[in-house]
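Here's the letter readout for the chains.
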Amino acid sequence: MRHHRILVCGGGGFIGRYVVDRLAARVASVVVPTRRRDRVKQLIVLPTAEVVDADVHDPVVLGRLIADCDAVINLVGILHGNYPPAANAPYGSRFLQAHVELPRRIVASCEKHGVRRLLHVSALGADSKGPSMYLRSKGDGERVVQSSSTVETTIFRPSVVFGRDDRFLNLFARMAPWMPVMAVGRPEARFQPIWVGDVASAIVNSLDELETHGRTYELCGPGIYTLGDLVRFASRASGHPRPVIGLPDSVAKAMAWVFEHLLGEPVMSRDNLDSLSVDCIASRQPYWPAPELGVRPTPMEPEAMLYLAGLHPRTRYSGFRARARR
Ligand SMILES: NC(=O)c1ccc[n+]([C@@H]2O[C@H](COP(=O)([O-])OP(=O)(O)OC[C@H]3O[C@@H](n4cnc5c(N)ncnc54)[C@H](OP(=O)(O)O)[C@@H]3O)[C@@H](O)[C@H]2O)c1
């Protein structure tokens, strides 16, 4: 490859681990800063990956990491922040720091150290005037990345991403055994789920591909599903088929408020519900990824069956049967 030493911010996350795995086989070295080295053991064993304990929000630390590389991939992202933001603010400090300030510092540091390539992962629907703090901050982050005149940038906007360790289909599959019915807010919201391996391949393939410079790519799978369809599918795949009922917005928001006030990451926040007010599907249908990304989108059901089915002995072999069309 033309690039030899790549910094992958957010490389220890769900999508990042696939990106690092694919990159590590193709470049001389991949540097992965993380706050929790113990959780990325699978990357530590890759001979060309260097996992380092580092705070990427510290400009000196970030500068040192970037100066030593010839390309940067930024996957840092969060799903939840304080709700609602302070009066007149489009989002709170957590979104500002992760989705806007960090990209700003990455761009500035690339410019300072002469690093000419930056790949940035945003989200489908990112829009500075979007309905949620998540989407507004992602939109502002894109604008920061696009503002550089010296760094060649490519932005990726995935729809919801599924894969063995996802926190979306797995969440519903794990909830199903405990729920007689699955009650969700905005069950009519539409998604076009993409497999994590396809997202990672698109990112890695674009690194050296001149045609991707300055472009923004939506990343979607071949099928469109409502949230209700996805919850039904996940519960069925886990061996606990459940009916799905839609909650009125006021009840869904009240439940989300409760989740936000429990310990740990909320399963659903009020801001997530705001994001669901716009469909998370490609702007042009039928969707097909740009050929320069070198990806053929994987259908969701057979792939997701493989790992969701593993949660329950009765469906352990459904994924293999689905793949074999039996
Ligand atoms: N998963 C999806 O369905 C989906 C859909 C659309 C867009 N995206 C975007 O794709 C990107 C990757 O998503 P993912 O699902 O892989 O997320 P993830 O598993 O939560 O990983 C996020 C990564 O960001 C880092 N990170 C999070 N908060 C941070 C903070 N405050 N400071 C420094 N680092 C921080 C984490 O680093 P540590 O290793 O230090 O924990 C982690 O490696 C994100 O930008 C996300 O918004 C994801």
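Quick caveat: nothing in here was measured; it's all calculated off a predicted structure.

1. A few points about the packing of helix α8 (residues 227–237) against helix α11 (residues 300–308)
Part 1 of the reasoning: Between α8 and α11, whose axes approach to 9 Å, the crossing angle comes to 45 degrees. Our classification of the angle between α8 and α11 gives oblique. As α8 packs across α11, the resulting crossing turns out to be right-handed. When α8 is examined against α11, the residues F233, A234 and A237 are found in contact with a partner set consisting of E301, A304, M305 and L308.

2. Re the domain arrangement of the chain
Part 1 of the reasoning: What the domain assignment lists for the chain is domain 1 (5–158) and domain 2 (162–193 + 221–282 + 298–326).
Part 2 of the reasoning: Taking only C-alpha atoms, the centre of domain 1 and the centre of domain 2 are 27 Å apart.
Part 3 of the reasoning: Every contact between the two is made by 12 residues of domain 1 and, on the other side, 15 residues of domain 2.
Part 4 of the reasoning: At three residues, the largest contribution of residues to the side of domain 1 that touches domain 2 is made by helix α5 (residues 133–146).
Part 5 of the reasoning: Grouping the amino acids of the side of domain 1 that touches domain 2 by side-chain chemistry returns eight nonpolar, four polar and no charged.

3. Some thoughts on unusual backbone geometry
Part 1 of the reasoning: Residue Y83 is joined to P84 through a cis peptide bond whose omega torsion reads -10 degrees.
Part 2 of the reasoning: For P84, the location among the structural elements is in the loop between β4 (71–74) and α4 (93–113).
Part 3 of the reasoning: Cis geometry marks the peptide bond from Q285 to P286, where omega comes out at -5 degrees.
Part 4 of the reasoning: Position of P286 among the secondary structure elements: in the loop between α10 (270–275) and α11.
Part 5 of the reasoning: Phi angles above zero are rare outside glycine, and N88 is one such case at about 70 degrees.
Part 6 of the reasoning: Considering the arrangement of structural elements, one finds N88 in the loop between β4 and α4.

4. Remarks on the nonpolar core
Part 1 of the reasoning: With 93 residues, the main nonpolar core has V8, V19, V30, V72 and A234 as its most contacted residues.
Part 2 of the reasoning: Both of domain 1 (5–158) and domain 2 (162–193 + 221–282 + 298–326) provide at least three residues apiece to this core.
Part 3 of the reasoning: Those residues in contact with V72, other than ones at most four positions away along the chain, are L7, C9, I66, I106, C110, V115 and L118.

5. Here's the deal with α8
Part 1 of the reasoning: Within α8, eight of the 11 residues are buried, which leaves the element mostly enclosed by the surrounding structure.
Part 2 of the reasoning: Turning to α8, its buried residues number three or more, namely L227, L230, V231, R232, F233, A234, S235 and A237.
Part 3 of the reasoning: Downstream of α8 by a residue or two, G239 has a phi angle that is positive, lying close to 95 degrees.

6. Here's the deal with the site of the ligand
Part 1 of the reasoning: Around the ligand lies a shell of 21 residues, among which G12, G13, R35, G77 and V161 are the nearest.
Part 2 of the reasoning: Take the shell around the ligand: its biggest share by element is three residues, from helix α1 (residues 14–24).
Part 3 of the reasoning: When the residues that make up the shell around the ligand are grouped by side-chain class, the tally is 12 nonpolar, seven polar and two charged.

7. Some words on the environment of D70
Part 1 of the reasoning: Examined against the element boundaries, D70 turns out to sit in the loop between α3 (59–67) and β4.
Part 2 of the reasoning: Accessibility expressed as a C-beta count within 10 Å gives 18 for D70, which makes it partly exposed.
Part 3 of the reasoning: For D70, the contacting residues outside a window of four places in its chain are H3, H4, R5 and V115.

8. Concerning the pairing of strand β5 (residues 117–121)
Part 1 of the reasoning: The buried count for β5 comes to five of five residues, which makes it a mostly enclosed element.
Part 2 of the reasoning: Of the two faces of β5, the one lined by R117, L119 and V121 and the one lined by L118 and H120 are each fully buried.
Part 3 of the reasoning: Where β4 lies against β5, three bridges are found, and the strand directions are parallel. The residue bridging V72 from the neighbouring strand is L118, located in β5.
Part 4 of the reasoning: The parallel pair β4 and β5 is bridged by α4, and the resulting crossover is right-handed.
Part 5 of the reasoning: As judged from the five bridges shared by β5 and strand β6 (residues 152–158), these two strands associate in the parallel manner. Residue pairing in the sheet places H120 in a bridge with I155 of β6.
Part 6 of the reasoning: The handedness of the β5 to β6 crossover, carried by α5, is right-handed.

9. Here we look at the sheet that holds strand β3 (residues 49–53)
Part 1 of the reasoning: The strand order across the open sheet formed by seven strands is β3-β2-β1-β4-β5-β6-β11, and the pairing between neighbours is parallel. Looking at which strands have only one partner, the edges of the open sheet turn out to be β3 and β11 (216–219). Pairwise comparison of adjacent strand axes, ignoring direction, gives a mean angle of 20 degrees for this sheet.
Part 2 of the reasoning: In terms of strand pairing, strand β2 (residues 29–34) meets β3 through five bridges, oriented parallel.

10. With respect to α1
Part 1 of the reasoning: Most of α1 is tucked away: eight of the 11 residues are buried.
Part 2 of the reasoning: By the burial criterion, the buried members of α1 are I15, G16, R17, Y18, V19, V20, L23 and A24.

How each quantity is defined
- Residues numbered from 1 in each chain as written.
- Predicted model: local features only at pLDDT ≥ 70, side-chain atom pairs only at ≥ 80, totals over all residues.
- Axes fitted to C-alpha atoms, helices over the stretch in contact; angles between N-to-C directions.
- Helix = DSSP H or I, 4+ residues; strand = E, 2+ residues; numbered from the N terminus.
- Parallel < 35°, antiparallel > 145°, perpendicular 65-115°, else oblique.
- Left-handed = near helix turned anticlockwise from the far one by under 90°.
- Contact = placed C-beta atoms within 7 Å.
- Domains from an automatic or database assignment.
- Nonpolar A, V, L, I, M, F, W, Y, C, P; charged D, E, K, R; others polar.
- Core = buried A, V, L, I, M, F, W, Y, C linked by C-beta atoms within 7 Å.
- Buried ≥ 20, exposed ≤ 12 C-beta atoms within 10 Å, placed from the backbone.
- Near = placed C-beta within 6 Å.
- Pairing = 2+ DSSP bridges.
- Right-handed = clockwise from strand over helix to strand, strands pointing away.

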